[in-house]
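Letter by letter, the chains look like this.
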Amino acid sequence: MSPNSRLASVDERPASKLFSVAEIEPACLYLCGASVIRERMLTELGITCLISACPELPELPLPSSVSQCCRLDIRDVPMANIAVHLSPVADLIAKVKEEGGRTLVHCVAGVSRSASLCIGYLMKSKGMSLEEAYNHVLSCRPCIRPNNGFFEQLIQFEKELTGSNSVTMVYNEAAKATIPNVYESDYENTIRYINRSIGIK
């Protein structure tokens, strides 16, 4: 059975990407929210390492095929320190891959914390820029939205890795806040939609 067919078999609610498992790197790295994790799903995907970034949830029952479980104490708030986990998590995912295993990273919704960790892995282990890594994970799981504090830490992580930055934090008038520039198009689209709905061209 191919990885794609495995994904199709466990994605029972395709109407929402929140309730699916995204394959970030073929036969290596997967991303999801906690609500879809089942022992059968882990077995079908061949997961050997589970990285959980939601300390507010109880431990999940795991099949014997999952030989490693790493629980990270990260809250989904902008001031939480995710930076301290980016490099070790990237190294762990790379090690599991090297040993022929597969890793699933999750938080509550699979939107902010776990997405940030996957982006960090792609930057460190695959040599992607932050912009490339973000866009790749977004293409695999369109609902991701790392909070602004996590994005600031990813920007700093990219600076440490490469000495330069592909993403910057900018003040956005529509958001009335400082946001990563890769989010600006979302706000522009929202403003255009609102203006059309009230008859402003």
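First, a word on what this report is: a plain description of the structure on this page. These figures come from a predicted structure and were not determined experimentally.

## Here we look at helix α4 (residues 113–126)
Given a rise of 1.5 Å per residue, 14 residues ought to cover 20 Å, and the 19 Å separating the end C-alpha atoms of α4 matches this to within 8%. Extensive coverage of α4 is indicated by the burial of eleven of its 14 residues. Inspection of α4 places Arg 113, Ser 114, Ala 115, Ser 116, Leu 117, Cys 118, Ile 119, Gly 120, Tyr 121, Leu 122 and Met 123 among the buried residues, and these make up the whole buried set. As for α4, its buried residues are in contact with β1 (22–25), β2 (29–33), α3 (83–98), β5 (103–107), α5 (130–140) and α6 (148–162). Positive phi shows up at Gly 127, right after α4, with a value of about 70°.

## Description of the sheet that holds β2
The strand order β1-β2-β5-β3-β4 describes an open sheet built from five strands, whose pairing is mixed. With partners counted over all chains shown, the strands left at the sheet margins are β1 and β4 (68–71), one partner each. With direction set aside, neighbouring strand axes in the sheet form an average angle of 20°. For β2 and β5, the ladder comprises five bridges, and the chain directions are parallel. Its bridge partner being in β5, Tyr 30 is matched across the sheet by Leu 104. Lying on the sheet, α3 is in contact with β1, β2, β3 (49–52), β4 and β5; it crosses β3 at an angle near 165°.

## A word on α3
Between its terminal C-alpha atoms α3 stretches 24 Å, which fits the 22 Å expected from 16 residues at 1.5 Å a residue. If you check which residues of α3 are buried, you get His 85, Leu 86, Val 89, Ala 90, Leu 92, Ile 93 and Val 96. Take α3 and look down its axis: the buried residues cluster within an arc of 170°, on one side only. Away from the buried face of α3 by more than 90 degrees, exposed residues Val 84 and Glu 98 are located. Those residues of α3 hidden inside the fold are in contact with β2, β3, β4, β5, α4 and α6.

## Overview of the state of the cysteines
Each disulfide consists of one covalent bond between the sulfur atoms belonging to two cysteines. This structure, assessed with the given rule, holds zero disulfides. We note that Cys 32 lacks a disulfide partner, and the nearest cysteine sulfur, in Cys 107, lies 8.7 Å from it. Judged by its relative accessible area of 0%, Cys 32 is buried.

## What about the side chain of Glu 23?
In this structure, Glu 23 sits in strand β1. Arg 102 provides the closest opposite charge to the buried, unpaired Glu 23, separated from it by 5.8 Å. A polar atom in the side chain of Glu 23 sits 3.3 Å from the backbone nitrogen of Ala 27. A polar side-chain atom of Glu 23 sits 3.3 Å from a polar atom in the side chain of Tyr 30.

## Considering the packing of α3 against α4
The contact between α3 and α4 brings their axes to 8 Å, and the two run at 70°. Taken together, the axes of α3 and α4 are roughly perpendicular relative to one another. As α3 packs across α4, the resulting crossing turns out to be right-handed. Contacts between α3 and α4 involve His 85, Leu 86, Ser 87, Val 89, Ala 90, Asp 91, Ile 93, Ala 94 and Lys 97 on the former and, on the latter, Ser 116, Leu 117, Gly 120, Tyr 121, Lys 124, Ser 125 and Lys 126. In terms of residue class, the contact of α3 with α4 is built from seven nonpolar, five polar and four charged.

The rules behind the values
Residues numbered from 1 in each chain as written. Predicted model: local features only at pLDDT ≥ 70, side-chain atom pairs only at ≥ 80, totals over all residues. Heavy atoms only, no water. Helix = DSSP H or I, 4+ residues; strand = E, 2+ residues; numbered from the N terminus. Expected span 1.5 Å × (residues − 1). Buried < 20%, exposed > 50% of the residue type's maximum accessible area, 1.4 Å probe, protein only. Contact = heavy atoms within 4.5 Å. Pairing = 2+ DSSP bridges. Axes fitted to C-alpha atoms, helices over the stretch in contact; angles between N-to-C directions. Arc of directions from axis to C-beta. Disulfide = S-S within 2.5 Å. Lys, Arg positive; Asp, Glu negative; His and termini not counted. Salt bridge = Lys/Arg side-chain N within 4 Å of Asp/Glu carboxyl O. Polar contact = N/O pair within 3.5 Å; in protein donor to acceptor, adjacent residues only side chain to side chain. Parallel < 35°, antiparallel > 145°, perpendicular 65-115°, else oblique. Left-handed = near helix turned anticlockwise from the far one by under 90°. Nonpolar A, V, L, I, M, F, W, Y, C, P; charged D, E, K, R; others polar.

Taken by themselves, the reported measurements are silent on function.
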